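Breakdown of the fold
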Amino acid sequence: MGMGILLVSLEEKHLTAERREILQTCSVTREVVFANTREEILPFLDRIEVALGKFPRDVLGMAPNLVWFQQLGTGTEWLSNHPEAIEHPFMLTNCSDDYGVVLAEHVMALILAVARQLPEHFAAQQRREWGDPPFSDPRKFELRGKNLLLVGVGSIGMEIARRASGFAMHISGLRSAPATAEAPFERMYGSDQLPEALSNADLVVNSLPLTPSTRGFFDRQAIGHMKPGACFFNIGRGQTVDEAALIEALQSGRLAGAGLDVFAEEPLPSDSPLWGLSNVIITPHDGGNHDKRYESWVETVFDNLQRFSTGEPLRNVVDKRSGY
């Protein structure tokens, strides 16, 4: 059959001389093939052992010699549509730890925008109106002393917690199983404690990935457990939330506000009630975007390739059955 293949599906401009040298070193044990389209990849399917970057998901399970697939980005919800890839013994890694800092900064921007009612000021600025803000605006609040609940405490949740601690907030987390709270967390809940966790929180941040167990996690019952006047922020996945129930809670004023970067349907339909809610800030799934996004992915890819070549543990290994 010939030598196994290391498939590279990355943008050419990011393949620096140093990275090409790494690939040249790898060519001693595997043939290095550059291919970016489905048509280019399929002829090599039987010989691919390592795949870096893009790969047609529906044929992953049909690559008999695949040992490791390093995908770009974070989302692995595609696994639920391809059970054959879950059963295949290849190792899957993603770029999940490349998003922590920028998503944490995006969350803090949303929280501050809600707390300071910035959209209202932006609109007045466009109208060139000074306005007459009330001496004591009940819609505005300081973050100091507020109870922040982070649902999903992976690398993103940890980065959010570090930044929120600088605002003197009381920080709690929720994981699938109870765990000991470590600074800056004051308490760590298990998922069976969700009602208690939500009822104590002034601000709730959802950074859950989409898996079979998290789909619809924030259902009508969970949203009903949230403290009246609380605010909700979502930078995880839109389908982890019952959007209709969230809209009702925001329309009624039971929840004071929301900052949403992800939605059940994207792009968000123009007739969604969310567009018209003055207490909602919408960003178009842009929380992870920054000037070096693709470069940071490629950096992770080649760091993992170095590790793979020397037998070291890889970063961001995904449990394909749990989806994260």
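Below or above, wherever it landed, is the structure these notes cover. Residue indices follow the written sequence of each chain, beginning from 1 at its first position. Since the coordinates come from a predicted model, pLDDT governs what is reported: local features require at least 70, and pairs of side-chain atoms require 80 or more to be given and counted, while whole-chain, interface and lining totals use all residues. The side-chain quantities take in all heavy atoms of the structure and omit both hydrogens and water.

1. As for empty space enclosed by the protein
Quick note on the threshold: Using only the protein atoms, space was sampled on a 1 Å grid; points where a 1.4 Å probe fits but cannot get out form cavities, open sets with protein on both sides within 12 Å along at least five of seven lines form pockets, and lining residues are those with an atom within 4 Å of a point. Grid points are joined across faces, edges and corners, and a volume is the space filled by probe spheres set on the points. Polar here means any residue other than Ala, Val, Leu, Ile, Met, Phe, Trp, Tyr, Cys and Pro, which are nonpolar, and Asp, Glu, Lys and Arg, which are charged; Gly is therefore polar.
For the structure on display, the rule yields one cavity of 30 Å³ or more. Put simply, the largest cavity is a space of about 40 Å³. In terms of lining residues, the largest cavity is bounded by Asn234, Gly238, Val241, Glu243, Leu246, Leu260, Val262 and Phe263. Residues that form the lining of the largest cavity fall into these classes: five nonpolar, two polar and one charged.

2. Observations regarding the nonpolar core
Selection criterion: Buried Ala, Val, Leu, Ile, Met, Phe, Trp, Tyr and Cys residues form a nonpolar core when they are joined through side-chain atoms within 4.5 Å. Per-residue accessibility, obtained with a 1.4 Å probe over protein chains only, is compared with the maximum for each type, and a residue is labelled buried under 20%, exposed over 50%, and partly exposed between these values. Each helix corresponds to a stretch of at least 4 residues labelled H or I by DSSP, and each strand to a stretch of at least 2 residues labelled E; elements are numbered beginning at the N terminus. Note on definitions: a residue-residue contact is assigned when non-hydrogen atoms from the two residues lie within 4.5 Å.
Among the nonpolar cores identified, the biggest contains 48 residues, and Leu10, Ile111, Val205, Phe302 and Leu305 are the most heavily contacted of them. Per element, the largest residue contribution to this core is nine residues, and it comes from helix H4 (residues 100-115). With sequence-adjacent residues up to four places away left out, Leu10 is seen in contact with Leu15, Asn36, Leu52, Gly53, Leu72, Tyr294, Val298, Val301 and Phe302. Judged by nonpolar contacts, the second largest core, of 31 residues, contains Ile223, Val241, Ala249 and Leu274.

3. Concerning the pattern of salt bridges
Put simply, the test is: By definition, a salt bridge exists where a carboxyl oxygen of Asp or Glu is found within 4 Å of a side-chain nitrogen of Lys or Arg.
Inspection of every chain in the model, using the stated rule, returns 21 salt bridges. The shortest N-O distance in the salt bridge between Glu129 and Arg127 comes to 3.1 Å. The partly exposed category is assigned to Arg127, whose relative accessible area is 49%. Lys292 is the salt-bridge partner of Asp291, the closest N and O atoms lying 3.5 Å from each other. The residues Asp291 and Lys292 share a single accessibility class, namely exposed. A network of salt bridges, in which partner residues are shared, links Asp97, Asp98, Asp303, Arg307 and Arg315.

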